[in-house]
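Listed below are the residues making up each chain.
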Amino acid sequence: MSTLIGLQCHVCHTAFAAEATYVCDQCFGPLEPVYDYDKARATFTRENIASRPRNLWRYRELLPITGEPLTGFGSGFTPLIPAPRLAARLGVRELYVKDDGVNHPTLSYKDRVVSVAATRAVELGFTVFGCASTGNLGNSVAAHASRLGLRCFVFIPDDLEPYKVLGSAIYHPTLLAVRGNYDDVNRLCTQVADKHGWGFANINLRSYYAEGAKTMGFEIVEQLGWRFPKHVVSPVAGGTLLPRIFRGFRELHQLGLGEGDLPKMYGAQAAGSAPVIRALHQGIDYPDPVKPDTIAKSIAIGNPADGFQVIEVLKESGGWGEMVTDEEILDGINLLAETEGIFTEPAGGTTIAVTRKLIEQERIPRNESIVMCITGNGYKTADIMTGRVTRAIPISRSLEDVDAYLAGTLAGVGGEQA
Ligand SMILES: *Cc1c(COP(=O)(O)O)cnc(C)c1O
Ligand SMILES: [Zn+2]
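Residues numbered from 1 in each chain as written. Chains lettered and ligands numbered in written order. Predicted model: local features only at pLDDT ≥ 70, side-chain atom pairs only at ≥ 80, totals over all residues. Heavy atoms only, no water.

J.: Would you take a moment to explain empty space enclosed by the protein for this structure?
T.: Remark: the empty space left among the atoms is shown by a probe the size of a water molecule rolled over them. Within this structure, the stated rule accounts for one cavity of 30 Å³ or more. Here the largest cavity is characterised by a volume of approximately 40 Å³. Lining the largest cavity, in full, are Met1, Ser2, Thr3, Arg60, Glu61, Leu63 and Ile65. Of the residues contributing to the lining of the largest cavity, the split by class is three nonpolar, two polar and two charged. (1 Å grid on protein atoms, 1.4 Å probe; cavity = no way out; pocket = protein on both sides within 12 Å on 5 of 7 lines; lining within 4 Å. Points joined across faces, edges and corners; volume = space filled by probe spheres on them. Nonpolar A, V, L, I, M, F, W, Y, C, P; charged D, E, K, R; others polar.)

The structure is reproduced here in structure tokens:
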């Protein structure tokens, strides 16, 4: 049972067939799926959804496929974790971490969008599946392509973290490291998709890919007992995730499935790659491109495809956005690990640091519910934390050495704190 009617332009609302078209031929606006909401309403109920498997396909009435899901049976439905110790440190009352750092199978939010894009790619007859990636997307595209037996091409900038590269290579795609930054890679992939007719998750399949991100919004509300939080903080790179979390909220609101008002949305970027936040602060609707320079490589996109949609949602929801330095990002990673036992990558550190900043600025009030979207796993970028973590203290096998250490007299260790 499919409720997918077709695609329509986000800007001028021109209708298109549900094919691998992603840009409006009238105004160059992005295309998004249109559903038959009356048909969806019949089965998209709290009870039905709650009875389904714990993956993103539990929301399938509002996902853009026409047949059965083909991959992603372990993707989505990641934990929404109360964060009381971090809340105490930040001086707020009700704080949650939505942890996509443990998404299956490649440990980032990208497993949501790729599950949908890969299924749709097969439905549309593609046998080659690819992407332009800042790391995590390549990992996910390559993994899901393996599962589906698709030929896979992953294009990345040539300066990514070694384990992000390995995390794609392990699935044996054709992995092309482009001499340039992500924006160069994206431009190249647009040409490749056109010329060779391959399915690129975030280019010609982008309308389907982006819809997968809505499921993070659906899950937050379901996991709060079908209640909207007041404030949601999300990282921003190409601008897929944040507006789609809000689109998910809006659909639930429209269908009467969420208690309360729509949340205020807040965007988080690294100061070294913050075209969207800079535009927001300057009162501009369309971000000017920047040249990225930050340790937060997974969100280092200088010319975000959906940047204007992020600004639209930040304004419409009554939220805001901030940027933080690399130093603050590393502190954010440490703070989350130290207080809640969750190790995130720089994108997550950005979200933590920006949340802290927005609370300090009193943009986010201290007595209302806040959800922070943690989108990636720290073990992929562990090397950046070298020098900022507890050092292992070498000791012998003897109990005396432990006692000497505890007494602060172990030779060569001095009075180091346990
Ligand atoms: C891709 C990604 C994002 C957000 O990207 P958008 O393009 O804005 O959807 C955030 N965090 C991580 C870890 C990512 O890999
Ligand atoms: Zn248009």
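Still more to cover.
J.: Please clarify how the site of ligand 1 should be interpreted in this entry.
T.: Neighbouring ligand 1 are 16 residues; Tyr109, Lys110, Ala237, Gly238 and Thr375 lie closest to it. Contact distances for ligand 1 include 2.8 Å between an oxygen atom and a backbone N or O atom of Gly238. For ligand 1, the protein covers 97% of the area, taking 380 Å² as the surface of the free molecule. Looking at side-chain class alone, the shell around ligand 1 contains seven nonpolar, seven polar and two charged residues. (Near = heavy atom within 4 Å. Polar contact = N/O pair within 3.5 Å; in protein donor to acceptor, adjacent residues only side chain to side chain. Areas by Shrake-Rupley, 256 points an atom, 1.4 Å probe, with all protein chains shown as cover.)

J.: Please clarify how the sheet that holds strand E3 (residues 31-35) should be interpreted in this entry.
T.: Strand pairing within a sheet occurs via backbone hydrogen bonds; the two strands may be parallel or antiparallel. On the basis of which strands lie adjacent, the open sheet formed by three strands has the order E2-E1-E3 and antiparallel pairing. Pairing within the sheet leaves two strands with one partner each, and these edge strands are strand E2 (15-16) and E3. Across two bridges, the pairing between strand E1 (residues 4-9) and E2 is antiparallel. Across the sheet, residue Gln8 finds its bridge partner in E2, namely Ala15. (Pairing = 2+ DSSP bridges. Helix = DSSP H or I, 4+ residues; strand = E, 2+ residues; numbered from the N terminus.)

J.: I keep staring at the sheet that holds strand E11 (residues 264-270) and nothing clicks. Help me out?
T.: What the six strands build is an open sheet, ordered E4-E5-E13-E10-E11-E12; its pairing is mixed. Looking at which strands have only one partner, the edges of the open sheet turn out to be strand E4 (80-82) and strand E12 (320-324). Each strand axis lies, on average, 25 degrees off the axis of its neighbour in the sheet, ignoring direction. Across three bridges, strand E10 (residues 231-235) lies against strand E13 (residues 370-374) in parallel orientation. Its bridge partner being in E13, His231 is matched across the sheet by Ile370. (Axes fitted to C-alpha atoms, helices over the stretch in contact; angles between N-to-C directions.)

J.: Help me out: how do you make sense of the pattern of salt bridges in this one?
T.: Any two side chains of opposite charge can pair if their charged atoms end up close together. Tallying each qualifying case throughout the model produces 25 salt bridges. Between Glu123 and Arg120 there is a salt bridge, and its shortest N-O distance comes to 2.6 Å. One end of the pair is Glu123 and the other is Arg120, both in helix H4 (residues 110-123) and three residues apart, which spans about a single turn. Among the residues examined, Glu123 registers a relative accessible area of 25% and is labelled partly exposed. A salt bridge links Arg206 to Asp306; its shortest N-O distance comes to 3.3 Å. Of the two residues, Arg206 sits in helix H8 (residues 206-212) while Asp306 sits in the loop between helix H11 (275-282) and helix H12 (307-317), which places them 100 residues apart along the sequence. Here Asp306 falls in the buried class, since its relative accessible area comes to 3%. It is possible to trace a salt-bridge network through shared partners that takes in Glu32, Glu211, Lys214, Arg247 and Glu251. (Salt bridge = Lys/Arg side-chain N within 4 Å of Asp/Glu carboxyl O. Buried < 20%, exposed > 50% of the residue type's maximum accessible area, 1.4 Å probe, protein only.)

J.: Where do I start with the UniProt feature "domain: Tryptophan synthase beta chain-like PALP" (unreviewed entry) in the protein in this structure?
T.: The positions that UniProt labels "domain: Tryptophan synthase beta chain-like PALP" (unreviewed entry) are, in the present scheme, residues 75-376. Across residues 75-376, helical content stands at 45% and strand content at 16%; the span's end C-alpha atoms are separated by 14 Å. (UniProt positions renumbered as here; feature names shortened; annotations may be inferred.)

J.: Can you help me understand the layout of surface pockets in this one?
T.: The space that makes up the second largest pocket amounts to roughly 350 Å³. Forming the walls of the second largest pocket are 18 residues, and the residues nearest its centre are Gln8, His10, Glu32, Arg247 and Arg250. It is helix H10 (residues 241-254) that contributes the most residues to the lining of the second largest pocket, six residues altogether. Of the residues that constitute the lining of the second largest pocket, the class distribution is six nonpolar, five polar and seven charged.

J.: Could you clarify how one ought to interpret the UniProt feature "modified residue: N6-(pyridoxal phosphate)lysine" (unreviewed entry) in the protein in this entry?
T.: As recorded in UniProt, the feature "modified residue: N6-(pyridoxal phosphate)lysine" (unreviewed entry) lies at Lys110. In this fold, Lys110 is placed in helix H4. The class of Lys110 is buried, set by a relative accessible area of 13%. Excluding its chain neighbours within four sequence positions, the residues that come into contact with Lys110 are Asn136, Leu137, Ser140 and Tyr209. (Contact = heavy atoms within 4.5 Å.)

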